[in-house]
Amino acid sequence: MRRDIFQAIADPTRRAIIALIALQAMTPNAIAENFNSTRQAVSKHLRILTECELVKQQHQGREIFYSLEIEKMKEIDKWLEQFREIWETRFNQLDDLLTTIKNKKNE
Amino acid sequence: MSNHLLFDFVVNKEEKTIHIKREFNANLELVWQAWTTAELLDQWWGPKPWKAQTKTMDFREGGFWLYAMVGPQGEKHWSRSDYISIEHGKSITHKDSFCDENGTSSPSAPQNVWRNDFSEKENKVHVDILLSFDALSDLETLISMGFKEGMTTDFNQLDALLLTMNK
């Protein structure tokens, strides 16, 4: 199943999980303790996050630790950036135009 | 040239708004003209490589601006802005929608309301734009650019997180 980063952050519980493991790698049990939902529900969210390649698993003995693929988060920043850029370009054009009109008036 | 001019861009999912603030190094009269004259709007509203091309503009309450966003291949996307209220030199509120070349809006197309507030201080003009959407999905459709709906993120929270990541 192919999912993207935006599906990963579409759910509030998953955003909370991301915030949790952004600080340190955690086991599914430790993560689940922070939520009222069932262990299964948390596991399902972790599976989606893994499929979105936003979290990675590391085995330590019998335990699995989940941690964040921080690089992947940058895709969101990139996506926001293009929209920000549209406005930046638009406003820069306006800056140029305003300067042109100003100069014409002063001639 | 735009260096050091304020530019603020915040997406708020809970409020279904995009809040943009920008300063311009010109007087109020000029900025107002640039914002309300078709010939001038055509020169900056279309962010490169897009160009805005006005078909008709009737700048008064109840009037509307009909224009096309013309792409690099000459493709046209038509939009109209219906002016709801205008306070000369102070603020413009308009409702935007996608339409055809005759200005007929398709009922399913997303709509949004823009409130633009202008103020002058210390030889600069501050423009405060608040875009409000009826439905979150409209906001998403507008800004999704290929990403599908269901993109529901708390951008404010994320902005803060991303800031720390970029360091």
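For the structure itself, consult the block above.
Conventions used here
Residues numbered from 1 in each chain as written. Chains lettered and ligands numbered in written order. Predicted model: local features only at pLDDT ≥ 70, side-chain atom pairs only at ≥ 80, totals over all residues. Heavy atoms only, no water. Helix = DSSP H or I, 4+ residues; strand = E, 2+ residues; numbered from the N terminus. Buried < 20%, exposed > 50% of the residue type's maximum accessible area, 1.4 Å probe, protein only. Contact = heavy atoms within 4.5 Å. Areas by Shrake-Rupley, 256 points an atom, 1.4 Å probe, with all protein chains shown as cover. Phe/Tyr/Trp six-rings, centres within 6.5 Å; stacked < 30°, edge-to-face > 60°. Lys NZ or Arg CZ within 6 Å of the ring centre and 35° of its normal. Pairing = 2+ DSSP bridges. Axes fitted to C-alpha atoms, helices over the stretch in contact; angles between N-to-C directions. Parallel < 35°, antiparallel > 145°, perpendicular 65-115°, else oblique. Left-handed = near helix turned anticlockwise from the far one by under 90°. Nonpolar A, V, L, I, M, F, W, Y, C, P; charged D, E, K, R; others polar.

### Quick word on the overall build of chain A
So, step 1. Across its full length, chain A carries 5 helices and 2 strands.
So, step 2. Within chain A, the fraction of its 107 residues that count as buried is 41%.
So, step 3. Taking the contacts inside chain A whose residues are at least 6 apart along the sequence as the reference set, 49% of them involve residues at least 24 apart.
So, step 4. Accessible surface, chain A as shown: approximately 6100 Å² in total, 47% of it carbon and sulfur.

### Considerations on the packing of aromatic side chains
So, step 1. One pass over the structure, following the stated rule, counts 15 aromatic pairs over all chains.
So, step 2. Here the aromatic rings of B:Trp45 and B:Trp65 are separated by 6.1 Å at their centres, their planes lie at 65°, and the arrangement is edge-to-face. Residue B:Trp45 is found in the loop between α2 (38–44) and β3 (51–57), and its partner B:Trp65 is found in strand β4 (residues 64–70); the two are separated by 20 residues along the sequence. Across the pair, exposure class does not vary: B:Trp45 and B:Trp65 are buried alike.
So, step 3. Both rings, one in B:Trp65 and one in B:Tyr67, keep their centres 3.8 Å apart while their planes meet at 20°; by these two values the pair is stacked. When sorted by exposure, B:Trp65 lands in the same class as B:Tyr67, which is buried.
So, step 4. A cation over a ring is seen here: A:Arg90 above B:Trp45, with NZ or CZ 3.9 Å from the ring centre.

### A word on the sheet that holds strand β2 (residues 17–24) of chain B
Residue and element names in this part refer to chain B.
So, step 1. The strand order β1-β2-β8-β7-β6-β5-β4-β3 describes an open sheet built from 8 strands, whose pairing is antiparallel. Strands at the two margins of the open sheet, each flanked by one partner only, are β1 (7–12) and β3. Strand-to-strand, the axes of this sheet are offset by a mean angle of 20°, without reference to chain direction.
So, step 2. Strand direction decides the pairing type here: β4 and strand β5 (residues 76–87), joined by 7 bridges, are antiparallel. Bridge assignment links tyrosine 67 to a residue of β5, and that residue is serine 79.
So, step 3. Docked against the sheet, helix α1 (residues 28–36) engages β2, β3, β5, β6 (91–99), β7 (111–121) and β8 (124–133), running at close to 160° with respect to β7.

### With respect to the pairing of β4(B)
Residues and elements named next belong to chain B.
So, step 1. Taken across its 7 residues, β4 has 6 buried, putting it largely inside the fold.
So, step 2. Relative to β4, β3 runs antiparallel, the two being bridged by 6 bridges. If you follow threonine 54 over to β4, its bridge partner there is tyrosine 67.
So, step 3. The hairpin formed by β3 and β4 contains 6 residues between the paired strands, and glycine 62 there has a positive phi angle of roughly 95°.

### Quick look at the packing of helix α5 (residues 70–106) of chain A against α1(B)
So, step 1. Two elements in contact, α5(A) and α1(B), have axes separated by 10 Å at closest approach and are oriented at 120°. Considering the angle they form, α5(A) stands oblique to α1(B). The hand of the α5(A)/α1(B) crossing is right-handed. Taking contact as the criterion, the partners of A:Phe91, A:Leu94, A:Leu98, A:Ile101, A:Lys102 and A:Lys105 in α5(A) are, on α1(B), B:Glu29, B:Leu30, B:Val31, B:Gln33, B:Ala34 and B:Trp35.
So, step 2. Residue composition of the contact of α5(A) with α1(B), by class: 8 nonpolar, 1 polar and 3 charged.

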